[in-house]
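Next come the chains, spelled out residue by residue.
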Amino acid sequence: MTLNAKKCIFSQTSIKFLGHIINGQGIHPDPDKIAAVENYQPPTNKKELKQLLGMANYLARFVPKYWDILFPLTSMLSNKVTIVWEAPQEASFQKLMKILSSDPVLMIFDPGKETIVTTDASSYGLGSTIFQSKLMEEDR
């Protein structure tokens with residue numbers, strides 16, 4: 001096996017990875033991605049709403065009360081409901097944009113912080129999630 005010199009970079013102080021910048025100070029959102037989120041316009045039809053929710057759904061496993069935050073938006077997906085942008089939808093949209101543009105919800109575990117462990121078991125398998133983030137502190 002040989003290494004391709006064009007693909008090998010050594011002694012970097014920071015790298016971009018999956019929309020984040022990783023350096024000696026930690027993991028931070030990529031400023032280009034933050035700018036794209038800050039300029040994102042509220043959806044005007046169901047197709048745009050589905051695109052927004054699809055883009056953000058990867059957060060569902062990591063953000064406490066994620067579906068509660070997005071309920072005003074997901075409730076407009078029903079065929080019987082038309083898109084009406086009111087205060088609850090705007091608050092939900094702004095909270096989602098804040099989550100997408102803040103420090104990542106995936107952080108290195110800090111044993112000194114309060115930790116919440118949720119578990120889910122079935123006859124097929126067992127799953128668990130450890131929550132330990134700034135978002136939990138804001139919800140109190």
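The structure displayed is predicted, hence computed values, not measured ones.

Scoring rules and cut-offs
- Residues numbered from 1 in each chain as written.
- Predicted model: local features only at pLDDT ≥ 70, side-chain atom pairs only at ≥ 80, totals over all residues.
- Heavy atoms only, no water.
- Phe/Tyr/Trp six-rings, centres within 6.5 Å; stacked < 30°, edge-to-face > 60°.
- Pairing = 2+ DSSP bridges.
- Helix = DSSP H or I, 4+ residues; strand = E, 2+ residues; numbered from the N terminus.
- Axes fitted to C-alpha atoms, helices over the stretch in contact; angles between N-to-C directions.

Asker: What is the right way to look at the packing of aromatic side chains in this model?
Answerer: Aromatic rings considered in pairs are described by the distance between their centres and by the relative angle of their planes. For the coordinates displayed, the defined rule picks out two aromatic pairs. Judged by centre distance (4.9 Å) and plane angle (80°), the ring pair of Tyr66 and Trp67 falls under edge-to-face. Note on Trp85 and Phe93: the rings are 5.7 Å apart at their centroids and 75° apart in plane angle, and the pair reads as edge-to-face.

Asker: Could you clarify how one ought to interpret the sheet that holds strand β3 (residues 26-29) in this entry?
Answerer: Sheet strands pair by backbone hydrogen bonding; their relative direction is either parallel or antiparallel. Pairing is antiparallel in the open sheet, where three strands are placed in the order β1-β2-β3. Only two strands of the sheet have a single partner each, and these edge strands are β1 (14-17) and β3. When strand polarity is set aside, the average angle formed by the axes of neighbouring strands in this sheet is 25°. Taken together, the four bridges between strand β2 (residues 20-23) and β3 define a ladder with antiparallel strand orientation. Opposite Ile21, over in β3, you have His28 as the bridge partner.

Everything listed here is a matter of coordinates, which is why it stays silent on function.
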